[in-house]
Structures are given as C-alpha cells and as structure tokens.
Amino acid sequence: AFGVIADIQFADAEDGHDFGGCRRRYYRHSLRLLREAVRAWADESPPIDFVLQLGDSIDGQNVRRGEAESALQQVLAVLGELSVPVHHAWGNHELYNFSRARLVHTGLYSRPAGGSEGPADRECHAYHWSPAPRLRLVVLDTYDVSTLGTDPGSLRYQESLRVLREKNPNDDLNSPAGLKEPYFVAFNGGFSQAQLDWFNEVLKFSDENQEKVIVIGHVPIHPYASNGVCLAWNYEAALSVIHSHRCVVCVLAGHLHDGAYCLDSHGVHHLTLEGVIETPPESNAFGTVYVYEDKMILKGRGRIPDRVMHF
C-alpha cells in the first residue's frame, strides 16, 4: 500500500487564481491539507510502505517572493513526519523555483545515491525500485527535455527551445492558442532519447522477471488522461516504450488539477490525480493505493474518487 498526492503548490500567500483567472487556488491551505493527508496515512492499517508526491510541491510564486527554500522546507517537514520513504516526481513548479543542479541537492531528489537505478545523467530525476516481490515502480522525469530550470547557455536548454519553437510560434510560449499540438507549451516538457532507452531496458528486465510495473511522472502521457494541453511533448514515444512490453499496469501523473482517467488500448490504466492547490479548504485531494496480484484499489479522499483497476 502507498499514499499518493499531487500538485500541493504551497506558498505562504493569500488565495489566488489560475493563469486563466477563473480557478481559485488555495496556496496557504494546501499545507494544512497535506498535514491532514500525512495524519491519515500514519493511521492506515495495514500501514503504508511509502508515499508518492507527484510533483509541484511548492508554487512558482515562491521564487518571486524570495521564499522558495523556506516553502520547500515547510512541505518537506510535514512529509518528514511520516515513518516511510517519500518518492518525488519533479514538476514545472519545482523548476520555476530551482535549477536542476540545485534540485539534486534538495530533499526532492529521491533518486538513490549509488547503483544503476537511473540514467547516466545524474540530473535526470528518473529511477526505479522494487518495494515487493514481482512489483516495480519507475519514476520518470517528464522535464528531461525542457527550458525550465536549465541554464540558457546549456545544450539542454538550446535543444529544448528548438523542439518547443518548432511547434509553438507564439510570443508567449506558455500559450497553446492556435497550435495544432497544443501540448507544445513551456509548462510541459519531454523525454530525452537517453531516458527512453533506459526506460526500455528497465521494462525489458521486468518482462523477463514477470514483474508488474507502475510508472510515475508529473505530466500525463496519454491524451485521454489529459485535457489535450497538459501532456508530455513526446508522449507517443513514452507510450511506444510501454506498449512494447507486457509489464506496465498503471501510469500515475499529476499536472492537470481536474484529474482524469483512461484505460488505454493495451490495457494500461492512466490515472491523473486531482491537485491539492485547487481543493477547497473543507475538502482534500489525496489517496491510498492498495496493490494486489490482479488489481490496484485507490481509496480516494475528498475530490479523488475511489477506483478499482484490474490487471
């Protein structure tokens, strides 16, 4: 069993709105909702084994307020009350607040220090582990190719900007207006070939060892688990890797605060979790997942509905 939560986006700030100006965001309350989640997970019986934090733990406005480090410490302090490990995906808001080079040295870097659990690039926040026999979890870095959190003089930035500009001619690179492929916006990102090759090898190993695999990343990789905009740039390449193997049973993502779900043509469940940041103070948005031989059961709280996903 494990806990799941997405898009906390904490900031010590008054309530605001999304970029469209119509969706309310509860910046300060999100930390209280996280505390409630942590208390609920601590009381779970049987106890949970770990928690997945699916990205955007703090809000981008913290960097403008000079509060990025303090906001992150407050979120990590609450999560630190748990007696189990927390595995973090990196989202766009982490990269608004910190460079990749800095994130490697924060509590959000949950990739193991040694061994070959991840790609050769240590700043690529992807890795895998096995919490139980014949079960493997894989964290993907959905901003491995991205203009966010990267030095504008670097090769990574230049290549990412080229990919983005090829598809998005808008002055505002966060605007999907008029785009044939509206997910080519700066607040999304993509996968490098190196990460995809590594991912393919991990799944090959899991196939050979008859494992079930759960994949985690901040940005959804299936259009039907998205709103058409919140989608990884080269999602088709990631899906192609997954569909060339038998082992993946579920993909967990955040980023789209409304949440979404689909069962794809290969029998893989794609579950996008509702975001804490747009959850009213009297509700919540987290869950506990129970994994069995033949299914996963999500027990949702607040905005997140219960769900049974058969393999």
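Under an unreviewed UniProt entry, the chain has the name Manganese-dependent ADP-ribose/CDP-alcohol diphosphatase and belongs to Struthidea cinerea. Per UniProt, the chain carries the Sequence similarities (unreviewed entry) text "Belongs to the ADPRibase-Mn family." Regarding the chain, the relevant UniProt record gives this comment under Subunit (unreviewed entry): "Monomer."

Chemist: Even after reading the chapter, I still don't get empty space enclosed by the protein, so can you show me in this structure?
Modeler: Any empty space left between atoms is shown by rolling a water-sized probe over those atoms. Taken as a whole, this structure holds two cavities of 30 Å³ or more when the rule is applied. Reported here for the largest cavity is a volume of approximately 40 Å³. If you trace the largest cavity, you find it lined by L140, T142, F191, V215, I216, G217, V219, P220, I221, V251, L252 and A253. Contributions of two or more residues to the lining of the largest cavity are made by β8 (212-216) and β9 (248-253). Looking at the lining of the largest cavity element by element, the count peaks at three residues for β9. Broken down by class, the residue content of the lining of the largest cavity amounts to 10 nonpolar, two polar and no charged. Taken as a whole, the second largest cavity spans an internal volume of roughly 30 Å³. Contributing to the lining of the second largest cavity are P220, I221, H222, A225, V251, A253, H270, L271 and T272. Elements represented by at least two residues in the lining of the second largest cavity include exactly β9 and β11 (269-272). Considering every element that reaches the lining of the second largest cavity, the biggest residue donor is β11, with three residues.

About the thresholds
Residues numbered from 1 in each chain as written. Predicted model: local features only at pLDDT ≥ 70, side-chain atom pairs only at ≥ 80, totals over all residues. Heavy atoms only, no water. UniProt positions renumbered as here; feature names shortened; annotations may be inferred. 1 Å grid on protein atoms, 1.4 Å probe; cavity = no way out; pocket = protein on both sides within 12 Å on 5 of 7 lines; lining within 4 Å. Points joined across faces, edges and corners; volume = space filled by probe spheres on them. Helix = DSSP H or I, 4+ residues; strand = E, 2+ residues; numbered from the N terminus. Nonpolar A, V, L, I, M, F, W, Y, C, P; charged D, E, K, R; others polar.

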